[in-house]
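The lines below spell out each chain.
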Amino acid sequence: MNEPVIQSLPTDPPAHPAGRPIVAELTLPIAGMTCASCVNRIERFLKKTPGVEGAEVNLATEIATIRYLPDVAGRPALVGAIEAAGYDVRERPAPRADSSRPPVLDVAFAADDAERRREQRDLAIRAGASIAVAIAIMTAMFWPQNVVALTTINRLAFLPATIVQVWAGGRFYRAAWRALRHRSANMDTLVAAGTGAAWLFSTFVTAFPEVVHQAGLEPQTYFDSSTIIIGLVLLGRWLEARAKSRTTGAIRRLIGLEAKTARLVRGDIDTDVGLGEVRVGDILRVRPGETVPVDGLLVSGASAIDQSMLTGEPVPIERAVGDEVIGATLNTTGTFTFRATRVGAETALARIVALVERAQGNKAPIQRLADRIAEVFVPIVLVLAGVAFSAWLAGGPEPRLTFALTAFIGVVVIACPCAMGLATPTAIMVGTGRGAEAGILVRGGQALEMAGRIDTVVFDKTGTLTLGRPSVVAVIPAVGLDADAVLDLAGSLEKGSEHPIGGAILAAARARELGFRPVEAFNALAGHGIEGTVGPSAGAGPGERDRQVLIGSARLLADRGIDGAPLAAAQAEAAGEGQTAVLVAVDGRLAGLIALADPIRPESAEAVAALVGAGLEVWLLSGDGRAAVEATARQVGIAPERVEAEILPGDKAAAIERLQAIGRRVAMVGDGINDAPALAQADLGIAIGTGADVAIEASDVTLIAGDPRLVATSIALSRRTMRIVRQNLFWAFAYNVILIPVAMGVLYPAFGIALNPALAAGAMALSSVSVVTNSLRLRGFDARPATSHPTGVGRPVAA
């Protein structure tokens, strides 16, 4: 199993071209947002601020992500822009000096989480009290049998209804007033208008019942409606807040993987310390069953490490001296010590959490339409409410004022731009979080949306579909020696070589407990091969003697006068399979051939089959020799007409550009430095996480475990997420299109149906909750690597 290397995840924003300053990025938690119109307004104010290059506000996370030029704009200017839009910036507490948690986890998440829990408690208390008062008023309204009794009930209801208006509903009036001062309107405007109209009318009726009676009307009040509306809206926000908090479950689970303490080794003494006390270079001990506290390099001992919680790999990875260990992974068997190399915010876990938080705050293009609509939605609703009031007052049945007021309140209360604002970000949050748990790191909503639209996948070969390192696949002896003898001599001589081919030959020899003979006069022939004197093995009989060994190409042996013809057929066969053939000569005579190849990853064929089965076009681009590339294509199931070999890095990008020119939406999958231009050119760049850092930086999606089957899983996750987004948006829009006319009273002339304001408030609350709940269905997405295995193991890409 190939091991993941998570040393530089794509957490930093891209720099400007040469000659321009680097763009800084700042995230600010915002208080007071209630709907998508709030989001759009804050973004507009931020983008108008000098020095701001881009701004995205997420209603679900209540976070603004701002990219700006630090020489032009600073934090005070950005906070000022948000306040000018009519909203507040919540201050995050500074990291505790004695904290045992990395600052990125302790402050950026935990503080906001505690604030949200306090907000939920407050919403629950105010909602419960408001609903209780409303029920009491409704119950009392059933008692009176005459006008005097009704007037008495109104006077008794005035005080508790007013307390609810001020104490529980005050947040709506403050937010509405602030929006009005900044010449805007939002969801709070609608609630304040509806409940305010009901309370003001009821107060007038209660204070001047004789005026109402002289007008021929009963002193009917709406204290119960104004109170129950506030209670139900607050209840809806409480349910919405609880549901939204579940969308951050992926981050919670990632943070929960972190060890609470570390065992610091000082001389012969082990000391348990908090993670905040661990420094780079410290030696730490980990025992069986314990969690690795931070990232580092193993210095003594060995073990098998379960990395499934971070990479999705099901099989524990063997670790020995010199190997990397990743913080938050689980030690299964042995005891070992390691040297800390990354701590705090630099650990792989902390950087993954930061990346997931960024991805969850990133906005998908489809959301921008909803934000633009929501900005004009509230003013339109107020106009429609005014039209309904005027129409009923002018031409409605008696009591016309009652009908007119009911229609006005119903329209402004039932309209729900918050559902539009939550439709996309909640699904993006759950989708990117679910991907992170499977080792799929998505940069954000834009990348997630694009992944679902991909119709062509282009693979690099080396390190992507193959393991990226040569290995011996065959040893063919010539006359005089057997295969083990050839491998023994070659492996012994290759001990002095640093070439990857030499390492592969030595590894194959050691696997058979060969290659331990002494070597003298070792000589590396740059670009051609190696030669040297290989002595007898330990314990050899008196007949053993030194051997002159030469390893290299057929041309090298021919230059030394050694005939390679006896193995010419084997050389041709190896070349036809895309293998590298190395000849071995002993004492001036051809001794054998060692064939090497870059092994195909065990999962590559399934990865290609899953993509093809989902209707995607799969290509293979590589700079390797044509024979090797075509052999790889045959083994993994890529059609020969979709293979390009012996191309330069720039040619890969050009090949992708040609596909894009004919209308294809292309994903590029690669791992090396030479893949970076192609990853950047593609509509979607997917980096194998075991590859080069520059490839990861250039990508939109990173597969930490290096399993190519996760390409299909990524696309399946995107398709599922975007399907949820479209469902959310449809119901958010359909809800308003259907129910606003009902609230205006269009059904009353034909069917006698009018919408009670309390029912309108309940429907409005449930619309937001239903959107978030629908998004949470993504938590059940099967993120196991996609496969087309006939036994049914795994999951098809289209799921």
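Draft legend 1. The nonpolar core, seen in detail. Ranked by internal contacts, the top residues of the largest apolar core, which has 89 residues, are M33 and I42. Grouped together as the second largest cluster of nonpolar side chains are 35 residues, A447, L448, F459 and L611 included.

Draft legend 2. Region of the structure containing a nonpolar patch on the surface. Taken together, the side chains of I125, L159, I163 and W167 make up a nonpolar region of the molecular surface, amounting to roughly 420 Å² of accessible area. Given the relative accessible area of 37%, W167 is considered partly exposed.

Draft legend 3. View of the sheet that holds strand β22 (residues 617–621). Here seven strands make up an open sheet; going across it, the order is β14-β26-β25-β24-β15-β22-β23 and the pairing mixed. Here the strands that pair on one side only, and so sit at the sheet edges, are β14 (440–442) and β23 (643–644). The sheet contact formed by strand β24 (residues 666–670) and strand β25 (residues 684–688) spans four bridges and is parallel. Its bridge partner lying in β25, A667 is registered against L684.

Draft legend 4. View of the side chain of T464. Position of T464 relative to the elements: it lies in helix α16 (residues 461–465). The buried category is assigned to T464, whose relative accessible area is 0%. One polar contact links T464 to D460, side chain to side chain, over a distance of 3.4 Å. Aside from chain neighbours lying at most four places away, what touches T464 is F459, R601, S604, V669, G670, D671, I688 and P708.

Draft legend 5. Region of interest: the pairing of strand β13 (residues 336–342). Most of β13 sits out of view: five of its seven residues are buried. Direction of pairing for strand β7 (residues 283–286) relative to β13: antiparallel, over a ladder of four bridges. Pairing of I283 across the sheet is with R339, part of β13. Note: strand β8 (residues 295–301) against β13, six bridges, orientation antiparallel. The residue of β13 that forms the bridge with S300 is T337.

Draft legend 6. Region of the structure containing the packing of helix α4 (residues 147–168) against helix α5 (residues 170–181). Packing of α4 against α5 leaves a shortest axis separation of 4 Å and a crossing angle of 55 degrees. In terms of axis orientation, α4 runs oblique to α5. Residues Q165, V166, W167 and A168 of α4 touch α5, and the partners they reach there are G170, R171, F172 and Y173. Here the contact of α4 with α5 is built from residues that sort into five nonpolar, two polar and one charged.

Draft legend 7. Inspection of unusual backbone geometry at higher detail. Despite not being glycine, A521 has its phi angle at roughly 55 degrees, a positive value. Turning to its location among the elements, A521 is positioned in strand β17 (residues 519–525). The phi dihedral of D587 is positive, around 55 degrees, even though this residue is not glycine.

Draft legend 8. Layout of the environment of V164. Turning to its location among the elements, V164 is positioned in helix α4. Among the residues examined, V164 registers a relative accessible area of 3% and is labelled buried. Note: C-alpha distance between V164 and I230 (66 residues apart in sequence) is 7.9 Å. Leaving out residues up to four positions away in the same chain, V164 has contacts with S130, V133, G169, T227 and I230.

Draft legend 9. How the structure looks around the confidence of the model for the chain. Scored by pLDDT, the chain comes out at a mean of 81, with 84% of its residues at no less than 70. In the model, residues 1–18 has pLDDT below 50 throughout and makes 62 contacts with residues more than four positions away in sequence or in other chains. Confidence over residues 788–799 falls short of pLDDT 50; this stretch has 27 contacts with residues more than four positions distant or in other chains.

Draft legend 10. Broad picture of the packing of aromatic side chains. Counting across every chain of the model gives 10 aromatic pairs. Ring geometry for F204 against F208: centres 5.3 Å apart, planes inclined by 45 degrees, an arrangement best described as tilted. On the basis of relative accessible area, F204 is assigned to the partly exposed category, the value being 39%. Arranged with centres 5.0 Å apart and planes meeting at 75 degrees, the rings of F730 and W731 form a pair that is edge-to-face. In this structure W731 comes out as exposed when scored by relative accessible area, which is 57%. Grouped by ring-pair contacts, the aromatic residues F158, W199 and F223 constitute a single cluster. Looking at K48, its charged tip hangs above the ring of F45, at a distance of 4.7 Å from the centre.

Draft legend 11. The arrangement of the pairing of strand β21 (residues 589–597) in detail. Counting buried residues in β21 gives eight out of nine residues, a clear majority hidden from the surface. Here strand β16 (residues 471–477) runs beside β21; their pairing, made up of six bridges, is antiparallel. Its bridge partner lying in β21, I476 is registered against L593. Pairing of strand β20 (residues 580–586) with β21, which is carried by seven bridges, proceeds in the antiparallel orientation.

Draft legend 12. Representation of the pattern of salt bridges in the model. One pass over the structure, following the stated rule, counts 24 salt bridges. Between R517 and D488 there is a salt bridge, with the nearest N and O atoms lying 2.9 Å from each other. Taken as a pair, R517 in the loop between α18 (500–511) and β17 and D488 in helix α17 (residues 483–493) lie far apart in primary sequence, 29 residues in all. Here R517 matches D488 in class, with each residue buried. Residues participating in the shared-partner salt-bridge network are E119, D122, R126 and R171.

About the cut-offs
- Positions within a chain are numbered from 1, following the residues in the order the chain's sequence is written.
- Owing to the predicted nature of the model, reporting of local features is limited to residues with pLDDT of at least 70; listing and counting of side-chain atom pairs is limited to 80 or more, with chain, interface and lining totals taken over all residues.
- The side-chain figures draw on all heavy atoms in the structure; neither hydrogens nor water molecules are used.
- We call a set of buried Ala, Val, Leu, Ile, Met, Phe, Trp, Tyr and Cys residues a nonpolar core when their side-chain atoms join them within 4.5 Å.
- Exposed residues in this analysis have more than 50% of their type's maximum accessible area, buried residues have under 20%, and partly exposed residues fall in between, with area computed by a 1.4 Å probe over protein chains only.
- What goes into a patch is any residue over 30% in relative accessible area without a salt bridge, connected to like charges within 9 Å or, for nonpolar side chains (Val, Leu, Ile, Met, Phe, Trp, Tyr), within 5 Å.
- Surface exposure here means Shrake-Rupley accessible area, sampled with a 1.4 Å probe, where a residue is shielded only by the protein chains that are shown.
- A pair is scored as a salt bridge if a Lys or Arg side-chain nitrogen falls within 4 Å of a carboxyl oxygen belonging to Asp or Glu.
- Strand pairing requires that DSSP identify at least two bridges connecting the strands.
- Strands here are runs of E lasting at least two residues and helices are runs of H or I lasting at least four, both read from the DSSP assignment and numbered beginning at the N terminus.
- Here a polar contact is recorded for every N or O atom pair within 3.5 Å, except that within protein the pair must consist of a potential hydrogen donor and a potential acceptor, and residues adjacent in sequence are included only if both atoms are side-chain atoms.
- The contact criterion used throughout is that any non-hydrogen atoms of two residues lie within 4.5 Å.
- Comment: axis = line fitted to C-alpha atoms, over the contacting stretch for helices; angle = value between 0 and 180 degrees taken between N-to-C directions.
- Each angle is binned into one of four classes, with values under 35 degrees roughly parallel, values over 145 roughly antiparallel, values of 65 to 115 roughly perpendicular, and all other values oblique.
- Note on residue classes: Ala, Val, Leu, Ile, Met, Phe, Trp, Tyr, Cys and Pro are nonpolar, Asp, Glu, Lys and Arg are charged, and everything else, Gly too, is polar.
- pLDDT expresses, on a scale from 0 to 100, how confident the predictor is about each individual residue.
- A pair of Phe, Tyr and Trp rings is counted when the ring centres sit within 6.5 Å of each other, with Trp represented by its six-membered ring. The angle between the planes then sorts it: under 30 degrees is stacked, over 60 is edge-to-face, the rest tilted.
- Geometrically, a lysine NZ or arginine CZ counts as sitting over a ring once it is within 6 Å of the ring centre and also within 35 degrees of the ring normal.

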